[in-house]
Amino acid sequence: MPLLPPPVGCIESAANSSRKPSFYVPHTDLFPMRLKYLLTVLVAAGLSTAALANPYETTLKNGLKVIVKEDRRAPTAVQMVWYRIGSIDEVDGRSGVAHVLEHMMFKGTPNVGPGEFNKRVAAAGGRDNAFTSRDYTAYFQQIPKEKLPEMMQLEADRMRHLTVDAKEFEQEIKVVMEERRMRTDDNPQAKLFEQMNAVAFQAHPYRRPIIGWMNDLETMTAADAKAWYDTWYVPNNAYVVITGDVDHKTVFALAEEHYGGLEARPLPVRKPQIEPRQEGIRRVTVKAPAELPTLIMGWKAPILRDVEQDSEPYALEMLAAVLDGHDAARFNKKLVREDKVALGVDFGYDGTARGPGMIYVSGTPAEGKTVADLEAAVRAELARVQQNGISETELKRARAQLLAREVYKLDSMFGQAMEIGQIESVGLPHTALDRMLKKLQQVTAAEIQVVARKYFTDDALTVGVLDPQPLDGKPRRPAVATRH
Amino acid sequence: MKNAMKRLLTAALTPLFTALLALCLSQAAQAGVKIEHWTTSGGARVQFVESKVLPMLDVQVDFGAGSMFDPDGKAGLAALTRAVLDLGAGARDESQIAEQLADLGATLGGGADTDRASVALRTLSDKAKRDIALSILRDVLHQPRFDAAIFEREKARTIAALKDALTRPDAIAGKAFWAALYPAHPYGKQATPESVAALSRDDLAAFYRAHYTVGNASITLVGDLSRRDAEQIAERIAQGLPTGRPPELPVMPQALTGQDVRIAHPASQAHVYLGMPAIERGHPDFFPLIVGNYTLGGGGFVSRLMKEVRDKRGYAYSVYSYFAPLKQPGPFQIGLQTQRKQAGDALKLARDILLDFVQNGPTEEELAAAQANLTGSFPLRLDSNKKLLDNVAAIAFYGLPFDYLDQYQDKIRAVTVDDVKAAFSRHIRADSLITVTVAGE
């Protein structure tokens, strides 16, 4: 559940007290890199298919991985810099610092003056932004292709030379608090989602919201942000994804030129913080001004760690397509259209993450129905899969949609860069994407029935309910009854 | 998952915002992209851009059938007509349509905004798949069933979504803003639970027959297709449409007297809007206004509003301004959200920045920066089939010249500081500004 890209501001201060000297590693030894793309080229030539070679990948001596996907449809390019650092890496009392630092990344370096980063991207005819998720923090520029070198220079500069100025921080933390008010405090569904996760996870950091608890934001200091940056913003904790009308060899050389001199540094040990097994249903209610109640149900679920050996995440992804992949998929057809128990209902499962997985079902009861009615109806639909499985027709349909999406995704350069960046963020190689697609295509109806039986159990379930409150203090719909 | 839920909950408002976004994004079009255009035998306009790189095809059919054509007392009719249009057509019921599209890997989208109702098909260009997908599209356009039970269900969902929207500060502010800007024009009419409840199935069928007509249709095709196939596809789409002409446009919006609207709400943040009706599509002041607005509040992180409201004072996460030219003069709008106790200060600041800009315009340096970005980013506006489709469809629907895209960068470059000042002075008047604050103190 990544935060949407927060717009970012210009900077005021040129203070540079926080700059560390950078030691430029002489880059005479390019052999490993050259060897690598030589091999790639050979492999590509041998099989005479560019698809196998593209995307291209190299790793600089400082550990920075660079992935280039050539796409010559239009004279544009996208650069994304991904850091393997998100709210999952935060500690109590400092929730939200990953996202706050993302904001601070636009506040300048000793080399790029106040306001310059955004100004230079804008002057280049580019668009830029950034986003923070549980698992990663990413920055991007969409530009006319000839501006790529300048963007690489700018990103390389702020990878190690950021100024975290106290005065800037004081202004920016207010902006982040406004962002929290907008996204969460005044958004009943977001508040419910936040509370539900805080109940579903007790030990694992996924229990904390990405944007941070308000009180943690209130007490956060520039030193907290600086410490975060110094610890995690190093080339060996990052990778660069570039798509567009570019030549990968040229880009690799540019990457060496701009990023190659940045110093690697050992990273702290990241402890696993495994969530203890849930042993019984959990329920949470959130009251907020709203008209309609909302139901959210979440079951603990497996995550893809081994592309070849794991099978359950693929089966759950295909189940998601069968239940909620199109307008006449089971959930919408039965719960919204036929039985009219819901105004809308969604099934969500993402099989890739650094942390533990969850299957989310959320929906809004129709007029005259309660969240208890909706919960019962969702349970009945899931029981139907558990008892009778799914049909070959449904599975075939899900496969057809999957294949078509593979074509449509090529229409967006940004989308292609996102796909590569996201899979790499969880520690899986982008080269596994094709293999994952094949594995998805191979899922059988029997496998889907097995995972449905295994994972939709009450002991691993958390249920959240939004209990809508009147804006004016007058009672509205009857209070939302929770069952049990 | 959450997004889908939110989509549902704000269903009633979404088309409007989508429309505005599309209009903002579609201010540019294609230099060097060949737009072929012709008229079908029945009089529908057709635009075609061939793009063979990817094996896919987009077809969008637009009608002048947005909410501005809602009859008196029937606010919400255009939106509901479009919503029910593809839920059962010809020999297929709603499930068969969705299932067959999924089997083909095709999707059917679109929606209705103030001006336009759209039906958009994306399909693989493989002929066997394409032909079935197009037959579904034709049925939806030619033989919508408007099944009574489905109509009642969608009506109930729309009413519920409207009621929910009326508890949300952003939605309340948006509705109040449009109502205040257009007190005597259809743009100001808002669908309410009551107005939607009064709609009948026959209203939908009649609205369809009057507005989804061949003379009111604009068909845009982008993708892996020959000109010859494009002609045949367009002809067959056009032939089965009801006959009819584009509808009469309402009387233009009238000049306003400024007004300060305040609405109570328990939210922690106030939602603040400021603006007035400005220009229609094709207005000669369009280029000076968008170049100027880049500096004022359109240029994202480098705009004056962003620097003053967000960076210097930390008042807001998001602050922006834009012009949304429509068939008839659409709004100029500034928007921000801030802690309720600061709402008054933030509004005053935004207003001062605006009025200073109207009087003095941008500096030469700001103008050059705006022109550099707007011309330099031009390729980014056209680097996918989807973006091409959005742009070409908008150009055709609004009757802009087909060389609009070729001219775009030159027209941006030609704007001077004096042009900006003159254009802003003509369209933004301090005594006509409407302000809306929801959840202020």
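A few points on the structure.

Calculation rules
Residues numbered from 1 in each chain as written. Chains lettered and ligands numbered in written order. Predicted model: local features only at pLDDT ≥ 70, side-chain atom pairs only at ≥ 80, totals over all residues. Heavy atoms only, no water. Pairing = 2+ DSSP bridges. Helix = DSSP H or I, 4+ residues; strand = E, 2+ residues; numbered from the N terminus. Axes fitted to C-alpha atoms, helices over the stretch in contact; angles between N-to-C directions. Contact = heavy atoms within 4.5 Å. 1 Å grid on protein atoms, 1.4 Å probe; cavity = no way out; pocket = protein on both sides within 12 Å on 5 of 7 lines; lining within 4 Å. Points joined across faces, edges and corners; volume = space filled by probe spheres on them. Nonpolar A, V, L, I, M, F, W, Y, C, P; charged D, E, K, R; others polar. Salt bridge = Lys/Arg side-chain N within 4 Å of Asp/Glu carboxyl O. Buried < 20%, exposed > 50% of the residue type's maximum accessible area, 1.4 Å probe, protein only. Buried area = accessible area lost by both parts, 1.4 Å probe. Parallel < 35°, antiparallel > 145°, perpendicular 65-115°, else oblique. Left-handed = near helix turned anticlockwise from the far one by under 90°.

**Things to note about the sheet that holds strand 8 (residues 269-277) of chain B**
Strand pairs in the sheet, formed through backbone hydrogen bonds, run parallel or antiparallel to each other.
Residue and element names in this part refer to chain B.
Here is step 1 of the chain: Spatially, the 5 strands line up as an open sheet ordered 7-11-8-10-9, and their pairing is mixed. The strands lining the two open edges of the sheet, one partner per strand, are strand 7 (259-263) and strand 9 (319-323). Strand after strand, the sheet turns through a mean of 15° between neighbouring axes, direction not considered.
Here is step 2 of the chain: Relative to strand 11 (residues 434-438), strand 8 runs antiparallel, the two being bridged by 5 bridges. In the sheet register, L274 faces strand 11, and the bridge partner there is T435.
Here is step 3 of the chain: Seen against the sheet, helix 12 (residues 304-312) touches strand 9 and strand 10 (331-339) and runs at an angle of roughly 155° to strand 9.
Here is step 4 of the chain: The sheet contacts of helix 13 (residues 343-360) involve strand 8, strand 10 and strand 11, and relative to strand 10 the element is tilted by about 145°.

**Some words on the layout of surface pockets**
Residues and elements named next belong to chain A.
Here is step 1 of the chain: Reported here for the second largest pocket is a volume of approximately 480 Å³.
Here is step 2 of the chain: Lining of the second largest pocket is provided by 22 residues; of these, E275, R277, K300, A301 and P356 occupy positions nearest its centre.
Here is step 3 of the chain: Counting residues per element, the ones that place at least two in the lining of the second largest pocket are strand 8 (294-301) and helix 17 (445-455).
Here is step 4 of the chain: Class assignment of the residues belonging to the lining of the second largest pocket gives a composition of 9 nonpolar, 6 polar and 7 charged.

**So, the pattern of salt bridges**
Here is step 1 of the chain: Summed over all chains, the structure comprises 68 salt bridges over all chains.
Here is step 2 of the chain: The closest approach of N and O atoms between R310 of chain B and E172 of chain A, which form a salt bridge, is 3.1 Å. Taken together, the residues span two chains, with R310 of chain B in helix 12 and E172 of chain A in helix 6 (residues 166-185). E172 of chain A matches R310 of chain B in its accessibility class, with the two residues each being buried.
Here is step 3 of the chain: Through salt bridges with shared partners, one network takes in K107, E168 and E172 of chain A together with R310 and D311 of chain B.

**Considering the interface of chain B and chain A**
Here is step 1 of the chain: Residue-level contacts link 63 residues of chain B with 74 residues of chain A.
Here is step 2 of the chain: Both sides of the chain B and chain A interface together cover about 6,000 Å² of buried area, and 61% of this is carbon and sulfur.
Here is step 3 of the chain: Note that K333 of chain A is salt-bridged to E99 of chain B, the shortest N-O span being 3.3 Å.
Here is step 4 of the chain: Among the secondary structure elements, those contributing two or more residues to the side of chain B that touches chain A are helix 1 (2-9), helix 4 (94-104), strand 5 (117-124), helix 6 (148-165), helix 12, strand 10, helix 14 (364-376) and helix 15 (385-397) of chain B.
Here is step 5 of the chain: Here the side of chain B that touches chain A is composed, by residue class, of 28 nonpolar, 17 polar and 18 charged.

**A look at the packing of helix 4 of chain B against helix 5 (residues 127-142) of chain B**
Residue and element names in this part refer to chain B.
Here is step 1 of the chain: Two elements in contact, helix 4 and helix 5, have axes separated by 10 Å at closest approach and are oriented at 155°. The angle between helix 4 and helix 5 falls in the class roughly antiparallel. The hand of the helix 4/helix 5 crossing is left-handed. Across the interface between the two elements, I97, Q100, L101 and L104 from helix 4 touch K129, I132, A133, I136 and V140 from helix 5.
Here is step 2 of the chain: A breakdown of the residues in the contact of helix 4 with helix 5 according to their chemical character gives 7 nonpolar, 1 polar and 1 charged.

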